[in-house]
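These are the residues of each chain, in order.
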Amino acid sequence: MIRTRFAPSPTGYLHIGGARTALFAWAYARHHQGTFILRIEDTDVARSTPAAVQAILDGMQWLGLDPDEGPFYQMQRMARYKEVIAQMLAAGTAYHCYTSREELDALRAEQEANKQKPRYDGRWRPGDQPLPAPPAGIQPVVRFRNPVDGVVAWDDLVKGRIEIANAELDDFIIARADGTPTYNFCVVVDDWDMRISHVIRGDDHVNNTPRQINVLRALGATVPLYGHLPMILGDDGQKLSKRHGAVSVMQYDTDGYLPEAVLNYLGRLGWSHGDEEIFSLEQFCAWFDFDHVTSSAAQFNTEKLNWLNAHYLKSADPARLAGEVRRRLAAQGVDADAAHALEKAVALYQERVGNLNELADAVHPFCVAVEPPTELLAQHLTPLARSALASLRDTLAGVSDWQAAQLGQAVKQTLTSHSLKMPQLAIPLRVVLLGQAQSPSIDAVLETLGRERVLERLERLPQPRA
RNA sequence: GACCCUAUCGUCUAGAGGCCUAGGACAAUACCCUUUCACGGUAUGAACCCGGGUUCGAAUCCCGGUGGGGUCGCCA
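Residues numbered from 1 in each chain as written. Chains lettered and ligands numbered in written order. Predicted model: local features only at pLDDT ≥ 70, side-chain atom pairs only at ≥ 80, totals over all residues. Heavy atoms only, no water.

Note on pairing: side chains with opposite charge can pair once their charged atoms come close. If you walk through the whole model with that rule in mind, you get 30 salt bridges. One salt bridge in this structure joins R77 and D193, with 2.8 Å as the shortest N-O distance. Separated by 116 residues along the polypeptide, R77 in the loop between β3 (69-73) and α3 (78-91) and D193 in helix α5 (residues 183-193) bring together distant segments of the chain. Its relative accessible area of 18% is what places R77 among the buried residues. A salt bridge links E168 to K117, with the nearest nitrogen and oxygen atoms 3.2 Å apart. Placement of E168 in the loop between β7 (160-165) and β8 (173-175) and of K117 in the loop between α4 (101-113) and β5 (141-144) is noted, with a sequence separation of 51 residues between them. Three or more residues joined by partner-sharing salt bridges are found here, namely R5, R39, E41, R77, R80, E83, D190, D191 and D193. (Salt bridge = Lys/Arg side-chain N within 4 Å of Asp/Glu carboxyl O. Helix = DSSP H or I, 4+ residues; strand = E, 2+ residues; numbered from the N terminus. Buried < 20%, exposed > 50% of the residue type's maximum accessible area, 1.4 Å probe, protein only.)

The strand order across the open sheet built from three strands is β4-β5-β8, with neighbouring strands paired in antiparallel fashion. For this open sheet the edge positions go to β4 (94-97) and β8, each flanked by a neighbour on one side alone. Strand-to-strand twist across the sheet, computed as the mean angle between neighbouring axes with direction ignored, equals 45°. (Pairing = 2+ DSSP bridges. Axes fitted to C-alpha atoms, helices over the stretch in contact; angles between N-to-C directions.)

The next point concerns the protein's contact with RNA strand B. The immediate surroundings of RNA strand B are formed by 59 residues, with D44, K159, R176, R352 and S439 found nearest. The sugar-phosphate portion of RNA strand B accounts for 67% of its atoms within 4 Å of the protein, the bases making up the rest. A distance of 2.9 Å is found between a phosphate oxygen of RNA strand B and a side-chain nitrogen or oxygen belonging to T43. Interatomic distance of 3.4 Å between a side-chain N/O atom of R108 and a phosphate oxygen of RNA strand B. Among the secondary structure elements, those contributing two or more residues to the surface near RNA strand B are α4, β7, β12 (298-299), α10 (302-315), α17 (422-434) and α18 (442-449). Partitioned by chemical class, the residues of the surface near RNA strand B number 17 nonpolar, 18 polar and 24 charged. (Near = heavy atom within 4 Å. Polar contact = N/O pair within 3.5 Å; in protein donor to acceptor, adjacent residues only side chain to side chain. Nonpolar A, V, L, I, M, F, W, Y, C, P; charged D, E, K, R; others polar.)

So far we have only geometry, and geometry alone does not tell us how the molecule works.
Shown next, in the form of structure tokens:
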């Protein structure tokens, strides 16, 4: 039984790297009819916030990566961690350490001065030497008694075999002086208790893996399989951080991206299936495997995401898009329900825009009266165009069946009677009707805008400057 | 500094020793389509980090170098 988990710490929103980790873990479970678990790692009380928990949940939901189990919260599992720590203390696989932070700082400074790898020197580790008497008034931390010899090795799902010598590892703290357990310990207990079969996480955790494996062994637990995903770099090739380029997945929502476009993009970033570029979430789950996950970091490319977004926009259901547009327009104080044919207008533009915000902007003139920019008027509303527009208005008023075909006929009729080429009439018409010199086919615009609005906007032709 | 990971067009990637005069996609450029702008179509330019091996043969395997990244917390 495949059981994967996504285990973010709620110290911020769900960013793009976390989203991809979640997607891969989710897809792997789906692929194998397994279980995907969401676990919130909130043991850092000082930095975890309920708002961040909510932001992560919102992000997961927007992407549609629903967990089969959880969310579980580590803070609610304290009793269990303490129980395991007590067992380890009793078994001798963990011990109390009374070294103060000041002593630790001094030790680290000394090691760095000697160009050595900073690490705990094991001064309170039970061994051959007799231990000093515990100093009074100091609450000890609990350290894991790491093996001294040999190597810890595992076959990483994405990076292949990785070996790290135990000599590189020190006795890390599993419980703070106040008794609360630390990350490397909680993860182990949780992955064990939750019977996680595949630990899929960012490769910034590679160095934690040997420690965790050692604890698992000390506990007599089964060691899961590990897959460490390379990181995602920003558009500029720089590392993503709160300060630089890292944004919440929800930002993609406000920027007008469709979740399926983001998912498709993320799926293709660091994973491939031959030449496939466009695939649904379902298809991704069916294809996903670790053999085709890239082992090196990938640079985020917004332009490719834009291309995918435009693609999904084209084939999306206009009714759904209309809902999104309504929501965005409402935020601008525009009541899109006033547009009797919002869905039609959306259908007219959905294959011409790159995101939902552009779609909302495009549809805007179909909802409320437009005020054409003066430059456009000056440029296109020539006396010739004015007279043609006036005559077109009259012809249009007589059209019985307000359909693109008939409207196109009316336009062509005006063209002939005024000896004009299509652009000479269509562009001024666009400016007057939509406030823009570009639009979809003019007959479709006329039909979609509707008889009433067209005639009204042509009626009130902006006057030339005296 | 130590340890670990990593290296194919500008970017994402295909590539599991001969199928590679290295394929696809985004982006770029040109042309076509056209009622403007898009969309779409066609075409073009663009890469195996360097040096040694192994092999009849290496983008693919090995070693070294260099570049990039990660980790060295009573953070996760």
